[in-house]
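Structural features, examined
Residue strings, one per chain:
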2 protein chains.
Amino acid sequence: MARETLVVIGAVAAGMSAASRARRRNPQLRIIVLEKGHDVSYGACGLPFYISGEVSRADDLVVYTADYFREKRDIEIRLGHEAISIEPGRKLVHALHGASQPLEIPYDKLVIATGAAPAAGIPGTNPPGVFACNDLANAIKLREFLDSRQPRRGVVVGAGYIGIEIADALAKRKIEVSVISRGERVLAGFEPDIQSQMEKAMEARGVRLKSNSTVTQITASASGEALQIHHEKGSESAEVVILATGIEPRTSLAESANIRLGPTRAIAVDDRMQTSVNGIYAAGDCAETRHLVSGKPVYFPLGTTANKMGRVAGDNAGGGNARFAGIVGTLAAKAFDLEVARTGLSTAEARAAGFHPSSTTIRSFSHAKYLGGKPLTATLLWDKSSGLLLGFQVAGEHGAAQRVDAAAVALHARMRVADLEHLDLGYAPPFAQVWEALLIAASEAIKAEKRL
Amino acid sequence: MARETLVVIGAVAAGMSAASRARRRNPQLRIIVLEKGHDVSYGACGLPFYISGEVSRADDLVVYTADYFREKRDIEIRLGHEAISIEPGRKLVHALHGASQPLEIPYDKLVIATGAAPAAGIPGTNPPGVFACNDLANAIKLREFLDSRQPRRGVVVGAGYIGIEIADALAKRKIEVSVISRGERVLAGFEPDIQSQMEKAMEARGVRLKSNSTVTQITASASGEALQIHHEKGSESAEVVILATGIEPRTSLAESANIRLGPTRAIAVDDRMQTSVNGIYAAGDCAETRHLVSGKPVYFPLGTTANKMGRVAGDNAGGGNARFAGIVGTLAAKAFDLEVARTGLSTAEARAAGFHPSSTTIRSFSHAKYLGGKPLTATLLWDKSSGLLLGFQVAGEHGAAQRVDAAAVALHARMRVADLEHLDLGYAPPFAQVWEALLIAASEAIKAEKRL
């Protein structure tokens, strides 16, 4: 019998997790990874720290090299190979490699891990000095530009967590930064008391926030060195612009094979990561998953989820029977010396999911004040009808973000707020409080519901 | 109708939590707190940091003063009042105050929060220079001794987490420290791979560990300045000795009222913190609780639990109906720049509870290596028969201890190891890993059980 072949399209988090797990599951399998770019298995979440210069070399972000996968895991990585269509009837992937004729690559099992692309950004063609920062190749270009040109002023378009992280990276390089936000607040999806903390941290570092405005055009001066960023509420000058206006799943390849997209417009998958076509799996930023709190499909592209989805897809493509139930919406970031994190649903998301959300915000400390504990702000969300925990968000200078993990587990376990008040969490003066923020917030929530 | 009176015996964590919660529950109640000492509501877990000098004033450890409770919460605190017996038939507490005749204090409801005393230590009378460190008064005496005498050599008897914290406090004062441990290892109740980390950290700071030896006698030189600590395996010289040989619940008062003790020899309480005598509650280090993993009564005296038990006792004594289900055995400490924490059962405890424990130890990092992430060691314990999570322990220089909290919640929710692998925990390079230690350990456990 001929060796079965697994083809994986995409060689970053989900793709290489899938290939690696498939190899462990099935030592006989032939595994081919097609990657249109030249970078493999890097930590995309580290890009802001490469842009700031805190991480000096791009190679430091690479977890394993292509050679490592070839030699240690017997995985054939084909760089510079762009998959252009899938033909499920003949079980073929058509790919381009340089100037040669299109290649036909047969597969028995296929994993689509094509990731995401920057959302359609600014109308018209962008002049030089405008960058996306969605992958390592773009980050390298941006970093070269920053190192060689040493711009004094920068504009970040977009105030989500990635926009904020990039704004911080520029500020660390002593660049004067303006952030243009389409919405009223930074960090969409976070609750107001947490958003305020980040806005204050940005202001304290001299970052100018232009809210409620959309960029209409970016033009260059005659010399090409000065950029003018025109937006609905005015115009900013800068020498560098970074677009962080969100990403969207790369689905054209799946669509070429009539693979079904979900309601989020990302590739629909079941809990084995199989698409609507038998034997074809999808994982990572191109696919949707299930939000375990709302029970609904969700597009929530993150490295953690991509790795898990990839591992499950690879396990099943290799003959296993793994399942990925979904996420609870956990996200963490650090910028301007402030850690922020959320898990679960926001108030708006909870309403959209049919809950009756209530919330309370408390102030606490990272650890004992007599050992220098730093202030924390935490917002707890629950459903008034059922008493179910819906979400937890935290902001603070120190030891803040990891505090959402206990709440994330509580969400996985579908705990009620009443179950949280007496959780046996760890305490010692150098890193915690006797009454941890989650417990205080739960206690306040119970009081608010007059169930004390 | 006359005002009802609540009497609380003991004014530290459990006692003042009970009094405060009873006040909130019942504004009419007369609340009297009897405290044999002169300190109120202090953070006992901070004592090692006061001894080291990191916390300069003992007052910094006081959460609220007696005057605060009197003025803001209408709680009568009677310092220097030692309860000597309880007469449940007449609902009286007999107490001594200075040289006066014994007082009779009538109660309608009673909360016993008498705490714990140092376990019977060294045979014979200890010479000056030998200290216990179980409460603020003793810590103040020790600190005065250290500040005035500036001893060069110290011996700590006992290698539990308190012994280790005190050894660290002495080492920070540049005192040469020896620790005498009755057992083979430090940190009884921790797993070997975690114990090793602490032993290495102690050795790196020049602390000498004398294992498997019991102190038989402590003698003083003629001048009284040098102490000789005789133990089974030898003899140490020092100018200061601190006894950290464990604590035992103070139950004589409860026994005077024929209140039932549990199998752990601490006061037995139900989940409303009521003792075997109606209307008499017990909370904190004098009482036992239930271990939610083993389902069995346990004596696990900690500040976090004392506060929770006190709050529940006070709520019920004030007319409420609060419940405290129990603990999952979470404990955290930091010493010698190493954070250690555990939750759940140890291998020995799990066997004693009838489980068939298996464990795996993994190495991971606190956060991205390219941002200076520090090594972590984590041990996961599970039951081979049921796949239930039994425990999780972590050691590391940075960001280690709080990592047990997610596992603690999983224990409360009675999760299986298979439920852990895909938990949606927070990740960002400055404070976490894409695959958090708990997830890696769960994955290894699943592999070990051939359920991959």
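The following paragraphs examine the structure supplied in this document. (Residues numbered from 1 in each chain as written. Chains lettered and ligands numbered in written order. Predicted model: local features only at pLDDT ≥ 70, side-chain atom pairs only at ≥ 80, totals over all residues. Heavy atoms only, no water.)

All names here are of chain B. Spatial strand order, S9-S16-S10-S11-S12: five strands in an open sheet with parallel pairing. Lying at the two open borders of the sheet, with one neighbouring strand each, are strand S9 (130-132) and strand S12 (208-210). Sheet twist, expressed as the average angle between the axes of neighbouring strands with direction ignored, equals 20°. For strand S10 (residues 153-157) and strand S16 (residues 240-243), the ladder comprises four bridges, and the chain directions are parallel. Paired with Val-156 across the two strands is Ile-242, which belongs to S16. (Pairing = 2+ DSSP bridges. Helix = DSSP H or I, 4+ residues; strand = E, 2+ residues; numbered from the N terminus. Axes fitted to C-alpha atoms, helices over the stretch in contact; angles between N-to-C directions.)

Glancing now at the environment of Val179(A). Residues and elements named next belong to chain A. Position of Val-179 among the secondary structure elements: in strand S11 (residues 176-180). Sequence separation of Val-179 and Ser-196 is 17 residues, and the distance between their C-alpha atoms is 15 Å. Setting aside residues up to four positions removed in sequence, Val-179 forms contacts with Val-156, Gly-158, Ala-159, Ala-167, Met-202, Val-207, Arg-208, Leu-209 and Lys-210. (Contact = heavy atoms within 4.5 Å.)

All names here are of chain B. If you trace the backbone, Thr-347 turns up in helix H9 (residues 347-352). On the basis of relative accessibility, which here comes to 16%, the residue Thr-347 falls in the buried class. At 2.7 Å, the side chain of Thr-347 forms a polar contact with the side chain of Glu-191. Those residues within four positions of Thr-347 in sequence are excluded, and the remaining contacts are Glu-191, Pro-357 and Leu-381. (Buried < 20%, exposed > 50% of the residue type's maximum accessible area, 1.4 Å probe, protein only. Polar contact = N/O pair within 3.5 Å; in protein donor to acceptor, adjacent residues only side chain to side chain.)

For the rest of this paragraph, the subject is the sheet that holds strand S24 (residues 375-383) of chain B. Residue and element names in this part refer to chain B. Read from one edge of the open sheet, five strands run S21-S22-S25-S24-S23, paired in antiparallel fashion. Two strands bound the open sheet, and with one partner strand each, they are strand S21 (331-335) and strand S23 (357-365). Across the sheet, the mean angle separating the axes of adjacent strands is 10° when strand polarity is ignored. Relative to strand S25 (residues 389-396), strand S22 (residues 338-344) runs antiparallel, the two being bridged by six bridges. In the strand pairing of S25, Arg-342 is matched with Gln-393. Packed onto the sheet, helix H10 (residues 404-412) meets S22 and S25 and runs at close to 170° relative to S25.

Right, let's talk about the interface of chain A and chain B for a bit. Contact with chain A, which involves 60 residues of that partner, is made by 60 residues of chain B. Overall, the association of chain A and chain B removes approximately 5300 Å² of surface from exposure, summing both partners, and the carbon and sulfur fraction of that is 63%. Run the count over chain A and chain B and you get two salt bridges. One can count 18 residue pairs in polar contact (both at pLDDT 80 or more) joining chain A with chain B. Of all the elements in the fold, those that place two or more residues in the side of chain A that touches chain B are helix H1 (13-25), helix H8 (303-317), strand S21 (331-335), helix H10 (404-412) and helix H11 (437-448) of chain A. Among the elements that take part in the side of chain A that touches chain B, H8(A) stands out by supplying seven residues, more than any other. Class assignment of the residues belonging to the side of chain A that touches chain B gives a composition of 30 nonpolar, 13 polar and 17 charged. (Buried area = accessible area lost by both parts, 1.4 Å probe. Salt bridge = Lys/Arg side-chain N within 4 Å of Asp/Glu carboxyl O. Nonpolar A, V, L, I, M, F, W, Y, C, P; charged D, E, K, R; others polar.)

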